[in-house]
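Summary of the model geometry
So you can see what is in the structure, the chains are spelled out below.
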Amino acid sequence: MNRIKTILMAAVALFTASTAQAKVRLPHLISDNMVLQQQTEARLWGWDKPGTTVRVTVSWNAQTYQTRTDKNGRWQVKVTTPKASYTPLSIVFDDGEALTVKNILAGEVWVCGGQSNMEMPVRGFWGCPVEGFNATVAESAAHKGIRYAKIPSTMSMKPLDDAPCQWLKAGPQHVADCSATGYFFARMLNRALDLPVGLILANKGGSRVESWLDRENLKAHTQEPLDTGAIVKKYSQEWTRPLVWGNGTFHPVLNYTVKGILFYQGCSNVGDPAGQYTERLKLLVEQWRRDFAQGQLPFYFVQIAPYENGDVNGDWGPKLREQQFEAAKVIANSGIVCTQDLVYPYEYSQIHPAQKRQVGERLAFMALQKQYGMEQLMCESPSFGSMKTVGGTCYITLNNLYDGLSPLQGIEGFEVAGADRVFHPATARYTHEQGVIVTCKDVPAPVAVRYCFRNFQLGNARNQAGLPLFPFRTDNW
C-alpha cells in the first residue's frame, strides 16, 4: 500500500513539475550557450497555443518584443542584437510563464554545409586522421567564445522546422567533435577579430548537390525522383539521395540569422555532365539565400582535393573541379578555396585528406578580406588567364599572382599536347615579363596546355601568398 502511495505521489509531483514549466516551446537552436549574430535584426521563433501572446525581453536593452501565435501555434519576432562581446547575455520568453535562455554571446555566426570533408571532426574519422589533433585540443581553451551546434544528419520527405541539437563550447571537452574545417575557420576569425564565433554544422557525408535542393527546384530543374519509393529504388545508397537531406538536415537552420555560408561538397558529383554541377550549385545558393531572407549572404566554398577516383590518370575529378571553379564566377558574393596542394602523395586513395587546418584558414582569409575589411590579405589562388604559342613554346599568363609566382624554375604539373591530343610532361619556368614559359621536347607544335588536370596529380606552383594554382586546361577535349 505504501508503495502504491509513493508511486501516486511521484506521479503528482511529475505532473506538477511539468505544468509549472513554460508553455513556450523553442527550437533547439535557440538555447543556452547560443551565439547570436551581432548588430542585426535576429529572428527568434517557436511555438505555443494558437492565439497566445508571447513577450520577449533581452538583457542588453530595455525593449520588450511582443507577438501573437498564429492558428498553427507558431510565432516569430526580430530582436536588435548588440555589438559582439564576451559578456554573457540572456533572453526571457514569457506567455505568462517565463522561460529564460542563458549564457548567450553576440558574435559572428556561420553555417558549415556539405559532405564528409566538412563534417569530418577535429578527431578525424576511422583511418582518416586530422593533422595536429592533439595540439588543437590542448590549446583550444585559449580561444574563448567559439561555439558550435551540430544538426544531426536526418532524412525527411518533408521540411523539418527543428532538430535535436545543442550549443557546445569548442574547448578541450568538446572541440574534438566539431567540424575540423569549421573550427579552424572559426579559430582564425576569433584570433583576427577578437570576438565570439558560432558555427552551425549541417552536413551529410557522401551527399550530392541534389541532396540539398528542395522539391520545387528538383522538379523544375532536374529529372530526380521525388516520391519515396522511386528515390529508394534509384539510390540504394541513402547518402546520395536527393531532397531528403536538405529537408531533414538543413531546413531546421533556415530561420536562424547568420553571417554567411561555408560549403565543402562535390565528391559524389564527380562524373556529372559538363556545366550541370555549376548550374545546380548556383541554384542551391539562390535557394538558400531566398530561404534565409538575408539578401546576398556570402558563400565561400572548397574545391575538392585530388583523389584517384579509380584511376589516378583519369580526368573526371578535375572536370568537376573545373565546374566548381566556374560556379565561383557565376555566383555573386562568393569565393572558392583551392586545395590542390593539401594532399600528401600517399593520400592518393584517401577521400578525407588530413590537412584541414589550411582549408579552414583559407576560408577565413577569404571572409576576413571580403567581409571584415582586411583588404591587405591575399586570399585568392592564382588561376589561368591566357595562352599564346610561339613556335614550340607556350606562354601562360596567370591571374591573382599578387606580384609573384613560386618556384621560378622546376614548376611541376604542366603537360602539353599537340594535334594528336596526347599529353606529355612539360618543363615550366616563370619570369615576371613573360609569365609561365612551357616547353616539351616531345611536342614540337603544341596546341594545348594542362596543369594538374588528372584525378591525382600534384603541382607546386604558388602565388606570393603561398596559395596553389588552380588546375586548368586550355582545351575542351
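This text goes with the structure placed above it.
The sections below set out a description of the structure shown in this document. The model shown is predicted, which means the values in this text are computed figures rather than measured ones. (Residues numbered from 1 in each chain as written. Predicted model: local features only at pLDDT ≥ 70, side-chain atom pairs only at ≥ 80, totals over all residues. Heavy atoms only, no water.)

Across the two faces of strand 12 (residues 299-302) the burial is the same, with Phe-299 and Phe-301 and Tyr-300 and Val-302 all buried. Sheet topology note: the strand 11 (residues 260-264)/strand 12 ladder contains four bridges and is parallel. Looking at strand 12, one finds that Ile-261 is bridged to Phe-299. As a crossover connection, the stretch from strand 11 through helix 8 (residues 276-292) into strand 12 is right-handed. (Buried < 20%, exposed > 50% of the residue type's maximum accessible area, 1.4 Å probe, protein only. Helix = DSSP H or I, 4+ residues; strand = E, 2+ residues; numbered from the N terminus. Pairing = 2+ DSSP bridges. Right-handed = clockwise from strand over helix to strand, strands pointing away.)

In this section: the sheet that holds strand 17 (residues 414-417). The antiparallel open sheet is built from four strands, whose spatial order is 18-17-21-23. Since the sheet does not close on itself, it has two edges, and those belong to strand 18 (423-425) and strand 23 (472-473), each with one partner.

Moving on: the nonpolar core. In this structure, Val-56, Phe-93, Ile-200, Tyr-256, Leu-281, Trp-288 and Phe-292 are the most contacted members of the largest nonpolar core, which totals 68 residues. Top contributing element to this core by residue count: helix 8, with seven residues. Setting aside chain neighbours within four positions, we find Tyr-256 in contact with Leu-29, Met-34, Val-35, Leu-36, Arg-43, Trp-45, Val-109, Trp-167, Ile-200, Phe-292 and Gln-294. With 40 residues, the next largest nonpolar core counts Met-188, Leu-189, Leu-201 and Tyr-264 among its residues. (Core = buried A, V, L, I, M, F, W, Y, C linked by side-chain atoms within 4.5 Å. Contact = heavy atoms within 4.5 Å.)

Take the sheet that holds strand 19 (residues 427-431) next. Spatial ordering of the open sheet is given by 14-15-20-19, a layout of four strands whose pairing is antiparallel. In the strand order of this sheet, the two ends are held by strand 14 (383-390) and strand 19, each with one partner. Neighbour-to-neighbour, the strand axes of this sheet turn through a mean angle of 25 degrees, independent of strand direction. (Axes fitted to C-alpha atoms, helices over the stretch in contact; angles between N-to-C directions.)

Along its 17 residues, helix 8 runs 24 Å from first to last C-alpha, staying within 8% of the 24 Å computed at 1.5 Å per residue. Within helix 8 the residues assigned to the buried category are Tyr-277, Thr-278, Arg-280, Leu-281, Leu-283, Leu-284, Val-285, Gln-287, Trp-288, Arg-289 and Phe-292. With its phi angle positive at about 55 degrees, Ala-293 sits one or two positions after the end of helix 8. (Expected span 1.5 Å × (residues − 1).)

Next up on the list: the packing of helix 8 against helix 9 (residues 316-330). Two quantities define a packed helix pair, namely the angle between the axes and the distance from one axis to the other. Following both chains from N to C, one finds helix 8 and helix 9 inclined at 40 degrees, their axes separated by 8 Å at the closest point. One way to sum up the angle between helix 8 and helix 9 is to call them oblique. Pair helix 8 / helix 9 crosses with right-handed handedness. In this structure, helix 8 uses Gln-276, Tyr-277, Thr-278, Leu-281 and Lys-282 to contact helix 9, whose residues at the interface are Leu-320, Gln-323, Gln-324, Glu-326, Ala-327 and Val-330. When its residues are assigned to classes, the contact of helix 8 with helix 9 shows five nonpolar, four polar and two charged. (Parallel < 35°, antiparallel > 145°, perpendicular 65-115°, else oblique. Left-handed = near helix turned anticlockwise from the far one by under 90°. Nonpolar A, V, L, I, M, F, W, Y, C, P; charged D, E, K, R; others polar.)

Here we take up the pattern of salt bridges. In the structure shown here, the tally under the stated rule is 26 salt bridges. For Asp-341, the salt bridge identified is with Arg-462, shortest N-O distance 2.9 Å. With a gap of 121 residues between them, Asp-341 in the loop between strand 13 (334-337) and helix 10 (356-370) and Arg-462 in strand 22 (residues 462-463) connect regions that are remote in the sequence. Among the residues examined, Asp-341 registers a relative accessible area of 15% and is labelled buried. For Asp-442, the salt bridge identified is with Lys-441, shortest N-O distance 3.6 Å. Classification of Lys-441 as exposed rests on a relative accessible area of 77%. Salt bridges sharing common partners tie together Glu-139, Arg-187, Arg-191, Arg-357 and Glu-361. (Salt bridge = Lys/Arg side-chain N within 4 Å of Asp/Glu carboxyl O.)

Our focus in this paragraph is the packing of aromatic side chains. Throughout the structure, instances matching the rule amount to 19 aromatic pairs. Centroid distance Tyr-348 to Phe-456: 6.4 Å. Interplanar angle 75 degrees. Geometry classified as edge-to-face. Of this pair, Tyr-348 sits in the loop between strand 13 and helix 10 while Phe-456 is found in the loop between strand 21 (448-451) and strand 22, placing the two residues 108 residues apart along the sequence. Ring pairs connect the aromatic residues Trp-212, Phe-250, Phe-263, Trp-288, Phe-292, Phe-299 and Phe-301, which therefore count as one cluster. The residue whose ring lies beneath Lys-144 is Tyr-86, and the NZ or CZ to ring-centre distance is 4.5 Å. Its end group placed over the ring of Tyr-395, Lys-388 keeps NZ or CZ at 5.8 Å from the ring centre. (Phe/Tyr/Trp six-rings, centres within 6.5 Å; stacked < 30°, edge-to-face > 60°. Lys NZ or Arg CZ within 6 Å of the ring centre and 35° of its normal.)

What follows concerns the environment of Asn-269. Structurally, Asn-269 is set in the loop between strand 11 and helix 8. Here Asn-269 falls in the buried class, since its relative accessible area comes to 0%. Distance from Asn-269 to Leu-398, taken between C-alpha atoms, is 28 Å for residues 129 residues apart in sequence.

Before going further, it helps to spend a moment on the side chain of Thr-181. By the element assignment, Thr-181 lies in helix 4 (residues 180-193). Thr-181 has contacts with Asn-117, Met-118, Tyr-264, Lys-356, Val-359, Gly-360 and Leu-363, leaving out every residue within four places of it along the chain.

Linking two cysteines covalently through their sulfur atoms gives a disulfide. Tallied over the full model, the rule gives zero disulfides. The structure places no disulfide on Cys-128, whose sulfur is separated from the nearest cysteine sulfur, that of Cys-267, by 12 Å. (Disulfide = S-S within 2.5 Å.)

Note the cis peptide between Ser-406 and Pro-407, where omega equals -5 degrees. The topology assignment puts Pro-407 in the loop between strand 16 (405-406) and strand 17. The backbone of Asn-33 sits at a positive phi, close to 75 degrees, despite the residue not being glycine. Among the structural elements, Asn-33 can be located in the loop between helix 1 (2-20) and strand 1 (35-37). A positive phi angle, close to 55 degrees, is found at Asn-103, a residue other than glycine. Structurally, Asn-103 can be placed in strand 7 (residues 98-114).

So, on to helix 9. With 15 residues, helix 9 extends 22 Å between its outermost C-alpha atoms, agreeing within 8% with the 21 Å of an ideal straight helix rising 1.5 Å per residue. Where helix 9 is concerned, the buried positions are Gly-317, Pro-318, Leu-320, Arg-321, Gln-323, Gln-324, Phe-325, Ala-327 and Ala-328. Where the residues of helix 9 are buried, they touch helix 8, strand 12, strand 13 and strand 14.

Moving on: the pairing of strand 19. In this structure, strand 19 lies alongside strand 20 (residues 435-439), joined through five bridges in antiparallel fashion. Looking across to strand 20, one finds that Thr-427 is bridged to Thr-439. Taken together, strand 19 and the strand that follows it, strand 20, pair antiparallel across an intervening segment of three residues.

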